[in-house]
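# Examining the three-dimensional arrangement
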Amino acid sequence: MLKLEKLTKTYPTGDQALRAVDMVVPNGQVLALIGPSGAGKSTLIRCINRLVAPTSGKVILNDLDITALGSGGLRRARRTMGMIFQEYALVERLTVMENVLSGRLGYVGFWRSLTRRYPQSDIDEAFRLLDRVGLLDMADKRADELSGGQRQRVGIARALIQNPELLLVDEPTASLDPKTSRQIMRLICELCRERGLAAVINIHDVALAQMFVQRVVGLKSGEIQFDGAPGEMSEEVLTRIYGEEDWKATIAKAEDEVVA
Amino acid sequence: MGAIMPVSTNTAGKKVWQLRNRNETLTRWFCFLVLVATFMWCWKYISDATTWFFVWDAPNIAADIGSRAFPPRWSYMDKLWGPIWDTLNIATIGTVLALIIAVPVAFLAARNTTPSTLFIRPIALLIIVSTRSINSLIWALLLVAIIGPGTFAGLIAIAIRSIGFCAKLLYEAIEEIDHKQVEAITATGASRMQIMIYAIAPQILPAFAGISVFRWDINIRESTVLGLVGAGGIGLQLQSSLNTLAWPQVTLILTVILVAVVIGEWVSAKVRGAII
């Protein structure tokens, strides 16, 4: 279970990205975080694994206070949180296999990682995951040879090989076409279900979020404006999060797809 | 206000856009005039300080030396194989030594990898500036005085001069890497060293290869003159031939240097092409 207590982030420039956010994500729950650009979604996700250091407040993952950890403890805690990025963030000049195995870096020593001598169990798992995301025959390709959707699949495999308890997903579909976006979202949500993983997914596409997740949290200017089931989203809610606009099409379309 | 902005309104009420307003245009013309005037003044100064008789006579002297320099004395080649081999070794080993020191210095100097911007980064930058600002010939002069004449002094001179050059280009490459890849590797729980080898090293490898062969290429040229101050290599033969006015030998040495430099450039172009 992930618990955020009064999580606050103020950047040195004075921008208040998060204002005392309280949130609980139970095990196995897939949650979508929506909100306008600059609402603090990316900051929130990065405060959880401390890629961004929170100014105050607590992040508690399964009774472990992540905000209180030293550097060694933080590295061990990061192993339990897989992260998937916008624009994939693969190491472009390494092979697909090296990228997937880099998810195990927290578990292997320096020399083994330098010489790429990973334990056979890690390699087996890497092949299993590549097979699961449909890239088994791409293992030897360099990451920059793949298409956007394929790269994001490698990103997913890299996060999952960590054997995480929580997935942090930052705009996974922002640079993908609509069909690939759906496939990637479906894949992430299926994998979460298979492994009983909790996930926090930042996403711009409200309709896409409604299609796949169990819970939606709306963030605006660093504060939670909405927290509920996808079905509870209304034009009024979207106006509260994003501001005045004709939201009829966005909601209606989403509902059709949920029914279908 | 309206008249001095790039966007202004003319008498017909239309909006007019110019790249620069009138004041800026005038300033630029004035600066250009000052530049031309300075150039003319310098030209006159140099012209006054030149003994033009020697200049008019120069073609004759050049023709005279030229006629005495040909044909090259090919038999002298026997004595050049050793020095040219030394020269290549000075350049190659000097570059390798420089890289061994330049890589850690670059990581300490790059803003995104330095352990401390306040203390360690300035030291690294100082190493870069101080080694870079002194020409290898001057380093060689110093080192010949310190460790005595010979190939070793030349090798160290080349190495020292190259540290700053390589470290500077490399740390600039490190500062330009894509931070997202670093973030992604950090998020897996990797240690600082692991982040370096997984997220940073692959990104700077092409730059590293390019810098290495480029510096090696420069060092081949630089090491050919080190002998002038007694620091080993083919420059020593060049100097003694010049001193004894043995022009056919000078021609041969210059030809050998030319060939070595051309081969060096060819190799470095091939290596760069293969890696990038």
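The paragraphs below set out a description of the structure included in this document. What you see is a predicted model; the values in this text were computed from it and never measured. (Residues numbered from 1 in each chain as written. Chains lettered and ligands numbered in written order. Predicted model: local features only at pLDDT ≥ 70, side-chain atom pairs only at ≥ 80, totals over all residues.)

## A word on the sheet that holds strand β4 (residues 56–61) of chain A
All names here are of chain A. In spatial order, the strands read β2-β1-β4-β5; together these 4 strands make up an open sheet with antiparallel pairing. Lying at the two open borders of the sheet, with one neighbouring strand each, are β2 (16–25) and β5 (64–65). Each of β1 (2–10), β2 and β4 is contacted by helix α1 (residues 41–48), which is oriented at about 60 degrees to β2, the strand it contacts most. (Pairing = 2+ DSSP bridges. Helix = DSSP H or I, 4+ residues; strand = E, 2+ residues; numbered from the N terminus. Contact = placed C-beta atoms within 7 Å. Axes fitted to C-alpha atoms, helices over the stretch in contact; angles between N-to-C directions.)

## Re the packing of helix α7 (residues 179–187) of chain B against helix α8 (residues 192–223) of chain B
All names here are of chain B. Relative to each other, α7 and α8 sit at 160 degrees, their axes nearing to 9 Å. The angle between the axes of α7 and α8 places the two elements in the roughly antiparallel class. Regarding α7 and α8, the two cross each other, and that crossing is right-handed. Together, Gln181, Val182, Ile185 and Thr186 of α7 and Ile195, Tyr198, Ala199, Ile200 and Gln203 of α8 make up the contact between the two elements. (Parallel < 35°, antiparallel > 145°, perpendicular 65-115°, else oblique. Left-handed = near helix turned anticlockwise from the far one by under 90°.)

## What to know about the pairing of strand β6 (residues 81–84) of chain A
Residues and elements named next belong to chain A. Alternating positions in β6 separate into two faces, Met81 and Met83 on one and Gly82 and Ile84 on the other, with burial throughout. Bridge count between β6 and strand β7 (residues 166–170): 4 bridges; the pairing is parallel. Considered in β7, the bridge of Met83 is made with Leu168. (Buried ≥ 20, exposed ≤ 12 C-beta atoms within 10 Å, placed from the backbone.)

## As for the interface of chain A and chain B
Contact residues are listed per partner, giving 21 residues for chain A and 19 residues for chain B. Breaking the side of chain A that touches chain B down by element, the ones donating at least two residues are α2 (71–79) and α4 (110–114) of chain A. A total of 4 residues in the side of chain A that touches chain B trace back to one element, the largest contributor, which is α2 of chain A. Its residues placed into classes, the side of chain A that touches chain B shows 9 nonpolar, 6 polar and 6 charged. (Nonpolar A, V, L, I, M, F, W, Y, C, P; charged D, E, K, R; others polar.)

## Re the packing of helix α4 (residues 120–133) of chain B against helix α6 (residues 151–175) of chain B
Residues and elements named next belong to chain B. Running from amino to carboxyl end, α4 crosses α6 at an angle of 130 degrees, the nearest separation of the two axes being 7 Å. Considering the angle they form, α4 stands oblique to α6. Crossing hand, α4 versus α6: left-handed. Residues Ile127, Ile128, Val129, Thr131 and Arg132 of α4 touch α6, and the partners they reach there are Ile160, Arg161, Ile163, Gly164, Phe165, Ala167 and Lys168. Class assignment of the residues belonging to the contact of α4 with α6 gives a composition of 7 nonpolar, 2 polar and 3 charged.

## Remarks on helix α2 (residues 52–69) of chain B
In an α-helix there are 3.6 residues to a turn, and that puts residues three or four apart on one side. Residue and element names in this part refer to chain B. With 18 residues, α2 extends 25 Å from end C-alpha to end C-alpha; this agrees with the ideal 26 Å at 1.5 Å per step. Most pronounced at Ala58, the bend in α2 amounts to some 45 degrees, and the proline Pro59 follows within four residues. Counting buried residues along α2, only 0 of its 18 residues qualify, which leaves the element largely exposed. (Expected span 1.5 Å × (residues − 1). Bend = angle between axes of the 7 residues up to and from the residue.)

## Some remarks on the environment of Leu4 of chain A
Residues and elements named next belong to chain A. Within the secondary structure layout, Leu4 lies in strand β1. We classify Leu4 as buried; it has 24 C-beta atoms within 10 Å. When sequence neighbours within four positions are dropped, the list of residues in contact with Leu4 reads Val21, Asp22, Met23, Gly57 and Val59.

Spatial relationships are all this shows, so hold off on functional conclusions.
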